Amino acid sequence: MTLKISVIGTGYLGATHAACMAELGFDVIGVDVDPQKIERLSVGDLPFHEPGLPELLVKHVQSGRLRFTTDYAEVGGWADVHFIGVGTPERIADGGADISFVDAAARSLAQHITRDALVVGKSTVPVGTARRLAELLARESREGVELEVAWNPEFLREGFAVKDTLAPGRLVFGVESAQATDQLCEVYAQALGQDTPLIVTDFETAELVKVAANAFLATKISFINAFSEVTETVGGDIRTLADALGYDERIGRKFLNAGIGFGGGCLPKDIRALQTRVSELGLNHTMDFLHNVDDINLRRRDRVVSLAHQILDHEVVGRRIAVLGVAFKPDSDDVRDSPALDVAGRLFNDGAEVIVYDPQGNENARRRFPRLGYADSVAEATQDADLVLLLTEWKEFKELTPADLRPRVRGMRLIDGRNVLDHGQWTEAGWTVAALGRMFPDPAGQL
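Asks: How do you make sense of the environment of Leu13 when you look at a structure like this?
Replies: Inspection of the secondary structure puts Leu13 in helix α1 (residues 12-23). For Leu13, a relative accessible area of 12% gives the class buried. Along the backbone, Leu13 and Val420 are 407 residues apart, and their C-alpha atoms lie at a distance of 29 Å.

Given below as structure tokens:
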């Protein structure tokens, strides 16, 4: 008999997982405490942007294989496997992960599950959470009901979440029994049949895999951005340096793109939460280097603002600045901890008139920073602009040419915050171009 699956939490992770589980042939119920979100999902309306996911959502809502509810009792006696995919936001007080939503989901399951089941964590949590939740479920579950815990971290990349769920690069199961392993192997039978690497391990290792991966990627990004500070000072081309490093098979070229730094809802949050957690464990200096990683990342934003001032001859007040891209990465509408939106906001606070255009992120950005101007196209955003900033590497921005913007702008000045344009083409067309990792003399001849 095919397993029945519930997914607790219908945000980015949960909605993606639920729709993809339905695509794999399972009957799925998504559970959330937000009735408005459930109402939208129930009619196939996805409340965020993710390529390929709206089609899966509509397909399986219409087929009846996927439905949504706010009622834990509806899944308590129905599902065999319950995935927890709720958020673990950053705590303002100390940067640690707020796992109150995970705890609440586990308690609600314990109160409503009426038969033996497997509870699988997918949320990114501090190490030690799975073992604690296993004790909580054993303590608070109904009499005669056995609830086993497993941890199955997610490795979704925004913009590629459907692919990463249906054809993952690896699977990690943190389990304590062969039965839990067997059930998860049944859930992921299609991927395992395609020789997806599988790691079966303990709770703690499974919990650490995701945060370790994000910490490593953040470190790699900040590493090349630290060298971009050097090349901006002494000369050189950070892109060529990155290419040369990338040929070393021990290093690789991916994530060596110097720019305005990382953002979003994962990397910044996870490296701060990891520092907090290891300090709680008494390892006060083990992750100190991540503080520097975070600091380098934030300095890149400072540098873009500084370049904007320089390229405008230190006269920013009243100048019109077009910002192309405010999502933290392309193919996403996520503006959480977005370096691009942060830069736009700082320049506005410095007195500039800032006009933003992002193919998907405008509305989310408007909710966070309503005082900025928002345009519906590149043409509208760049009209009469004194300076153009490319801050998110959307395909339509990477393909821009000087001829696309020249008739509209007031000043032929450009900052390529992602190092994705052919600068020679733009300078030959008469533009003043600045980018991170390259020297840019200001009018006084200083860096």
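Asks: Honestly, the packing of aromatic side chains in this entry has me stumped. Any pointers?
Replies: The geometry of an aromatic ring pair comes down to the distance between the two centres and the angle between the two planes. All chains considered together, the criterion is met by six aromatic pairs. Between Tyr357 and Phe397, the ring centres sit 5.9 Å apart and the planes meet at 70°, which makes this aromatic pair edge-to-face. Of the two residues, Tyr357 is situated in strand β10 (residues 353-357) and Phe397 in helix α17 (residues 395-398); the sequence distance between them amounts to 40 residues. Pair check on accessibility: Tyr357 and Phe397 agree, each one buried. The cationic tip of Arg67 hangs over the ring face of Trp78; the distance from NZ or CZ to the ring centre is 5.4 Å. It is Arg170 that lies over the ring of Phe155; its NZ or CZ is 3.6 Å from the centre.

Asks: When you look at the nonpolar core in this model, what are you seeing that I'm missing?
Replies: Generally speaking, nonpolar side chains in soluble globular proteins are found buried as a group. In this structure, Ile5, Val28, Leu66, Phe83, Leu184 and Tyr188 are the most contacted members of the largest nonpolar core, which totals 40 residues. Counting residues per element, this core draws most heavily on α1, which supplies eight residues. In this structure, Ile5 is in contact with Met21, Phe26, Asp27, Val28, Ile29, Trp78, Ala79, Val81, Phe83 and Val187, ignoring residues within four places of it in sequence. Residues Tyr72, Trp78, Ala79 and Ala206 belong to the second largest nonpolar core, which totals 33 residues.

Asks: Honestly, the sheet that holds strand β12 (residues 387-390) in this entry has me stumped. Any pointers?
Replies: Strands pair in a sheet through their backbones, by hydrogen bonds, and they do so in one of two ways: parallel or antiparallel. Strand order in the open sheet formed by six strands is β11-β10-β9-β12-β13-β14, with parallel pairing between adjacent strands. Since the sheet does not close on itself, it has two edges, and those belong to β11 (373-374) and β14 (432-435), each with one partner. Relative to strand β13 (residues 413-416), β12 runs parallel, the two sharing three bridges. What sits directly across from Leu389, in β13, is Ile415. Its contacts with the sheet put helix α13 (residues 289-311) on β12, β13 and β14, and the angle it makes with β13 is roughly 165°. Together, β9 (320-324), β10 and β12 form the strand contacts of helix α14 (residues 339-349), whose direction differs from that of β10 by roughly 160°.

Asks: Is there a simple way to explain helix α10 (residues 203-234) in this structure?
Replies: Residues separated by three or four positions in an α-helix point in the same direction, a consequence of the helix having 3.6 residues per turn. With 32 residues, α10 should cover 46 Å at 1.5 Å per step; its first-to-last C-alpha distance of 48 Å lies within 8% of that length. In the structure, α10 departs most strongly from a straight axis at Val209, where the bend amounts to approximately 30°. Near the N-terminus of α10, the side chain that reaches the backbone nitrogen of Glu204, with its oxygen 3.1 Å away, is that of Asp202.

Asks: So what exactly am I meant to see when it comes to unusual backbone geometry here?
Replies: Most peptide bonds adopt trans geometry, and most residues besides glycine take a negative phi value. A positive phi is found at Asp195, a non-glycine position, where the angle reads about 65°. What makes Asp195 exposed here is its relative accessible area of 70%. Phi at Asp337 takes a positive value of approximately 50°, unusual for a residue other than glycine. When you line up the elements, Asp337 lands in the loop between β9 and α14. Among the residues examined, Asp337 registers a relative accessible area of 26% and is labelled partly exposed.

Asks: Explain the packing of helix α6 (residues 129-140) against α10 here, please?
Replies: The description of two packed helices rests on the angle between their axes and on the distance between the axes. At a minimum axis separation of 8 Å, α6 and α10 run at an interaxial angle of 130°. Accordingly, the angle class assigned to the pair α6 and α10 is oblique. Here Thr129, Ala130, Arg131 and Ala134 of α6 come into contact with α10, specifically with Phe203, Glu204 and Glu207. Tallied by class, residues from the contact of α6 with α10 come to three nonpolar, one polar and three charged.

Asks: Help me out: how do you make sense of the pattern of salt bridges in this one?
Replies: In a structure, side chains of opposite charge can pair up when their charged atoms sit close to one another. All chains considered together, the criterion is met by 38 salt bridges. Asp248 is the partner of Arg250 in a salt bridge, and the nearest nitrogen-oxygen pair spans 2.6 Å. Using a relative accessible area of 74% as the deciding quantity, one classes Arg250 as exposed.

Asks: Would you explain the environment of Tyr357 in this entry?
Replies: Residue classification places Tyr357 among the buried residues on the basis of a relative accessible area of 10%. On a C-alpha basis, the gap between Tyr357 and Val326 in space is 7.5 Å, while along the polypeptide they are 31 residues apart.

Asks: Help me understand the packing of α10 against α13, please; the structure alone is not making it clear to me.
Replies: As a packed pair, α10 and α13 sit with axes 9 Å apart at the nearest point and diverge in direction by 50°. One way to sum up the angle between α10 and α13 is to call them oblique. Taken as a pair, α10 and α13 cross one another with a handedness that is left-handed. Facing Ala215, Ala218, Thr219, Ser222, Asn225, Ala226, Ser228, Glu229 and Glu232 of α10, the residues of α13 in contact are Phe289, Leu290, Val293, Ile296, Asn297, Arg299, Arg300 and Arg303. Classifying every residue of the contact of α10 with α13 by side-chain character gives seven nonpolar, five polar and five charged.

About the thresholds
Residues numbered from 1 in each chain as written. Predicted model: local features only at pLDDT ≥ 70, side-chain atom pairs only at ≥ 80, totals over all residues. Heavy atoms only, no water. Helix = DSSP H or I, 4+ residues; strand = E, 2+ residues; numbered from the N terminus. Buried < 20%, exposed > 50% of the residue type's maximum accessible area, 1.4 Å probe, protein only. Phe/Tyr/Trp six-rings, centres within 6.5 Å; stacked < 30°, edge-to-face > 60°. Lys NZ or Arg CZ within 6 Å of the ring centre and 35° of its normal. Core = buried A, V, L, I, M, F, W, Y, C linked by side-chain atoms within 4.5 Å. Contact = heavy atoms within 4.5 Å. Pairing = 2+ DSSP bridges. Axes fitted to C-alpha atoms, helices over the stretch in contact; angles between N-to-C directions. Expected span 1.5 Å × (residues − 1). Bend = angle between axes of the 7 residues up to and from the residue. Polar contact = N/O pair within 3.5 Å; in protein donor to acceptor, adjacent residues only side chain to side chain. Parallel < 35°, antiparallel > 145°, perpendicular 65-115°, else oblique. Nonpolar A, V, L, I, M, F, W, Y, C, P; charged D, E, K, R; others polar. Salt bridge = Lys/Arg side-chain N within 4 Å of Asp/Glu carboxyl O. Left-handed = near helix turned anticlockwise from the far one by under 90°.

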